[in-house]
Amino acid sequence: MSNVISSFLEQLNRFAGFGIGLASLFTENVLAHPCIVLRRQCQVNYHARHYHLTPFTVINIMYSFNKTQGPRALWKGMGSTFIVQGVTLGAEGIISEFTPLPREISHKWNPKQIGEHLLLKSLTYMVAMPFYSASLIETVQSEIIRDNTGILECVKEGIGRVMGLGVPHSKRLLPLLSLVFPTVLHGVLHYIISAAIQKFVLLILKRKTYSSHLAESTSPVQSMLDAYFPELIANFAASLCSDVILYPLETVLHRLHIQGTRTIIDNTDLGYEVLPINTQYEGMRDCINTIRQEEGMLGFYKGFGAVIIQYTLHAAVLQITKIIYSTLLQNSV
């Protein structure tokens, strides 16, 4: 009988682990998408007088967009974000397969191994860059003037950007070579900060769990929770910290990518009407100086309220999932 119960608990544990991971992925890639759309629109909107630094103004403008354009206004470009993730993973796998560059860093790491691993990441971001640029356009382009593009439009536009084909762009369009440095810089810094914070938080949580196990006997329910949630919490903290720390750089990156693409965005001040993007930045340094002079230091944080909503939702889903998981386990034990 005990073997049957043990087997049942093991199956439940596996199923629950899969469910928890799925809930986290759903939150990061689907539930958070409206926040990502609005955050990017605010970042590239150099016209905006309202910076939307708090969740309250962000919720208000989201409601306005949904009312005037329908739900699609906040879910546009979601398919292209998955394509960019797929291209990134595929490129990393192919490059590591045909080069000595390691995908993972071993426990006995050395500076040479870390350098090669970061070089692999840099090459991956370079390959994914044109598709990231196309995906960015899809997420910020106003639904009012948007054509019903297919899910593979991102791939077509990305290849067209590399080959110089497709929709004609203006003379203000920055060449891909000038976008390599800011794109790779943002990607590598995001990866380094995320990895460092993830390992730090995971170490603290595991030490805390180990201490509590020594202090008192742990219930089976708590043991199963400890098997999954520390890693999810570490991933959450890593993603949050890297997004917050690199938000100003991301604003600069998105403005450089969108310049000269003839993109029309929604008016984030009014919640209706559209605006053209007519910036004339000469490069990364010029973009930083122009934002600081014309919009102030807070200009780098336009749309930051969307980040607060995004991670509040993520934290809420993690907490609800934990409660449901605990209840299921307690009822089955």
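Please read all numbers here as calculations on a predicted model, not as lab measurements.

1. Quick look at the UniProt feature "transmembrane region" (unreviewed entry) in the chain
In step 1: Taking the numbering used here, the UniProt-annotated feature "transmembrane region" (unreviewed entry) corresponds to residues 173-197.
In step 2: Here residues 173-197 is 88% helix and 0% strand, with 36 Å between the C-alpha atoms at its ends.

2. Comments concerning unusual backbone geometry
In step 1: Phi at Arg262 is positive, roughly 60 degrees, even though this residue is not glycine.
In step 2: For Arg262, the position within the fold is in the loop between α10 (247-258) and β1 (264-266).
In step 3: In this structure Arg262 comes out as exposed when scored by relative accessible area, which is 52%.
In step 4: For Glu273, which is not glycine, the phi torsion reads 70 degrees and is therefore positive.
In step 5: Mapped onto the secondary structure, Glu273 falls in the loop between β1 and β2 (274-276).

3. Observations concerning the nonpolar core
In step 1: Among the nonpolar cores identified, the biggest contains 25 residues, and Leu179, Ile197, Val201, Val252, Leu256, Cys287 and Ile291 are the most heavily contacted of them.
In step 2: Within the residue set of this core, elements represented by two or more residues are α6 (111-140), α8 (176-215), α9 (220-245), α10 and α11 (284-295).
In step 3: If we skip the residues at most four places from it in the chain, Cys287 touches Val252, Arg255, Leu256 and Tyr281.
In step 4: Leu38, Val58, Phe65 and Ile309 belong to the second largest nonpolar core, which has 11 residues in total.

4. Observations regarding the environment of Val201
In step 1: Checked against the element boundaries, Val201 lands in helix α8.
In step 2: Taking relative accessible area as the criterion, Val201 reaches 17% and is therefore assigned buried.
In step 3: Taking the C-alpha atoms as reference points, Val201 and Ala237, separated by 36 residues in sequence, lie 7.6 Å from one another.
In step 4: Those residues in contact with Val201 that lie beyond four places of it in its chain are Ala234 and Ala237.

5. Some thoughts on the packing of helix α2 (residues 33-44) against helix α3 (residues 55-69)
In step 1: With their axes 11 Å apart at the nearest point, α2 and α3 run at an angle of 100 degrees to one another. With respect to their mutual orientation, α2 and α3 come out roughly perpendicular. Along the contact surface, α2 presents Pro34, Cys35, Leu38 and Gln41, while α3 presents Val58, Ile61, Met62 and Phe65.
In step 2: A breakdown of the residues in the contact of α2 with α3 according to their chemical character gives 7 nonpolar, 1 polar and no charged.

Reading the values: the criteria
Residues numbered from 1 in each chain as written. Predicted model: local features only at pLDDT ≥ 70, side-chain atom pairs only at ≥ 80, totals over all residues. Heavy atoms only, no water. UniProt positions renumbered as here; feature names shortened; annotations may be inferred. Helix = DSSP H or I, 4+ residues; strand = E, 2+ residues; numbered from the N terminus. Buried < 20%, exposed > 50% of the residue type's maximum accessible area, 1.4 Å probe, protein only. Core = buried A, V, L, I, M, F, W, Y, C linked by side-chain atoms within 4.5 Å. Contact = heavy atoms within 4.5 Å. Axes fitted to C-alpha atoms, helices over the stretch in contact; angles between N-to-C directions. Parallel < 35°, antiparallel > 145°, perpendicular 65-115°, else oblique. Nonpolar A, V, L, I, M, F, W, Y, C, P; charged D, E, K, R; others polar.

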